[in-house]
Amino acid sequence: MPSRTAVALALASFLAASPGVAHALPAQDDVPVPSSPPGTSTSAPPPVETDANDPDLQLEDGATLDEPKVLDIVSVVETQGGEERRSDSNSTITIALQAEVLFPKDSARLTGQAQSRIAAIADEIEQNSPDTVRVFGFTDDLGSYEHGVTLSKNRANAVHQELTNTLQAADITYVVRGYSEDYPIADNATEEGRKQNRRVEVSFPRGQ
């Protein structure tokens, strides 16, 4: 258990992301960069039907209701040293491990302690019985973008291979990607921020 946790509640609105990664988007100030990798956005269904003609809603004349949606409440817990970051929503569990606890510097070879960390994630995957597991690798912005793509993909592949060796479940589909410096979770201007951005994220649907 972490000695201290920081818990933040955030409402995430989910927008459909086009294929590709943020680095490939046109360099225009008015083009929004997705806040998460493509394919990871989920949304819970509306719990009740809303009647747009209900007089109790007291809409102003001419106003109309937007399409109903439910925004996930996301709980984020991070260990004191930041080695592990966990995000729980109504529908998805995401566990991010810093690269330093998984790999030597600039390497995709798993360390001894990495295996126990990944085994703990595998146990949780088994408990939730998901159909799909996503394994995404990320780097900081040092070095070339192309090198970051290769390194982040190789690291994601290494974690994926360790998960499959541990789970040995033929009914799980894995989505493995390397996103280089795209989708940072901290400021790359400092070493502390770059350390947080060098990570591998494993995400999967929460069990019913």
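As a convention, each chain's residues are numbered from 1 in the sequence order in which they are written. Thresholds applied to this predicted model are a pLDDT of at least 70 for local features of residues and 80 or more for the giving and counting of side-chain atom pairs; totals over whole chains, interfaces and linings are not thresholded and use all residues. Where side-chain values are given, they derive from all heavy atoms of the structure, hydrogens and water being excluded.

1. Observations regarding the pattern of salt bridges
- Counted as salt bridges are all cases of a side-chain nitrogen of Lys or Arg within 4 Å of a carboxyl oxygen of Asp or Glu. Tallied over the entire structure, the rule returns nine salt bridges.
- With a closest N to O distance of 2.6 Å, Arg-86 and Asp-88 form a salt bridge.
- A residue is classified by how much of its surface remains accessible, and Asp-88, at 14% relative accessible area, is buried.
- The closest approach of N and O atoms between Arg-199 and Glu-201, which form a salt bridge, is 2.9 Å. The pair Arg-199 / Glu-201 is uniform in exposure class, with both members buried.
- Here the salt bridges do not stand alone but share partners, grouping Glu-100, Asp-140, Glu-191, Arg-194 and Arg-198 into one network. Under the scheme applied here, a residue whose accessible area is under 20% of the maximum for its type counts as buried, over 50% as exposed, and between as partly exposed, the area being computed with a 1.4 Å probe on protein chains only.

2. Here we look at helix α1 (residues 112-128)
- Per the convention used, a helix needs a DSSP run of H or I reaching at least four residues, while a strand needs a run of E reaching at least two, with both numbered from the N terminus. By this rule the span expected of a helix is its residue count minus one, scaled by 1.5 Å. Helix length check: α1, at 17 residues, gives a terminal C-alpha distance of 26 Å against a target of 24 Å (1.5 Å per residue), a fit within 8%.
- When we look at burial in α1, the residues that qualify are Ala-114, Ile-118, Ile-121, Ala-122, Glu-124, Ile-125 and Asn-128. One face of α1 carries all of its buried residues, which in axial projection span an arc of 160°. Among the exposed residues of α1, those oriented more than 90 degrees off its buried face are Gly-112, Glu-126 and Gln-127.
- Two residues qualify as a contact provided that any one of their heavy atoms is within 4.5 Å of a heavy atom in the partner residue. Buried residues in α1 make contact with β3 (84-88), β4 (92-98), β5 (132-138), α2 (145-167) and β7 (199-205).
- Where α1 terminates, the next one or two residues include Ser-129, which has phi positive at roughly 50°. Comment: arc refers to directions from the helix axis out to C-beta atoms.

3. Let's talk about unusual backbone geometry
- Even without being a glycine, Asp-106 presents a positive backbone phi close to 55°.
- With respect to the helices, strands and loops of the structure, Asp-106 is situated in the loop between β4 and α1.
- Asp-106 sits in the partly exposed class, given a relative accessible area of 49%.
- The phi dihedral of Ser-180 is positive, around 50°, even though this residue is not glycine.
- Mapped onto the elements, Ser-180 comes out in the loop between β6 (173-178) and α3 (191-197).

4. Describing the side chain of Ser-152
- Mapped onto the fold, Ser-152 is located in helix α2.
- Definition of a polar contact: a pair of N or O atoms within 3.5 Å, with one able to donate and the other able to accept a hydrogen when the atoms are protein atoms, and with sequence-neighbouring residues admitted only if both atoms are side-chain atoms. A polar side-chain atom of Ser-152 sits 3.0 Å from the main-chain amide nitrogen of Ser-180.
- With residues up to four places along the chain from it excluded, the contact list for Ser-152 reads Gly-137, Phe-138, Thr-139, Arg-177, Gly-178, Tyr-179 and Ser-180.

5. Describing the packing of α1 against α2
- The axes used here are C-alpha line fits, helices contributing only the stretch in contact, and every angle between their N-to-C directions lies in the interval 0 to 180 degrees. Two elements in contact, α1 and α2, have axes separated by 9 Å at closest approach and are oriented at 60°. With respect to their mutual orientation, α1 and α2 come out oblique. Judged by the twist between their axes, the crossing of α1 over α2 is right-handed. Every residue of α2 that contacts α1 at Gln-115, Ile-118, Ile-121, Ala-122, Ile-125 and Glu-126 is listed here: Val-159, Glu-162, Leu-163, Thr-166 and Leu-167.
- In terms of residue class, the contact of α1 with α2 is made up of seven nonpolar, two polar and two charged. Oblique is the label for any angle not covered by the other classes, which are roughly parallel (under 35 degrees), roughly antiparallel (over 145) and roughly perpendicular (65 to 115). Whether a crossing is left-handed or right-handed is set by the direction in which the near helix is turned from the far one by less than a right angle, anticlockwise for left-handed and clockwise for right-handed. Note on residue classes: Ala, Val, Leu, Ile, Met, Phe, Trp, Tyr, Cys and Pro are nonpolar, Asp, Glu, Lys and Arg are charged, and everything else, Gly too, is polar.

6. Some remarks on the packing of aromatic side chains
- Stacked, edge-to-face and tilted are the three classes for Phe, Tyr and Trp ring pairs, Trp counted by its six-membered ring, which pair at centre distances within 6.5 Å; planes under 30 degrees apart are stacked, over 60 edge-to-face, the rest tilted. The full count for this structure, using the stated rule, is three aromatic pairs.
- Taken together, a centroid distance of 5.3 Å and an interplanar angle of 85° make the contact between Tyr-179 and Tyr-183 edge-to-face. Pair check on accessibility: Tyr-179 and Tyr-183 agree, each one buried.
- Seen from the ring of Phe-138, Arg-199 lies directly overhead, with NZ or CZ sitting 3.9 Å from the centre. Should the NZ of a Lys or the CZ of an Arg lie within 6 Å of a ring centre and within 35 degrees of the ring normal, that charge is described as sitting over the ring.

7. Regarding the side chain of Arg-198
- Mapped onto the fold, Arg-198 is located in the loop between α3 and β7.
- When its relative accessible area of 14% is taken as the criterion, Arg-198 is described as buried.
- A polar atom in the side chain of Arg-198 sits 2.6 Å from the side chain of Glu-100.
- Polar contacts involving the side chain of Arg-198 include one to the side chain of Glu-191, which spans 2.8 Å.

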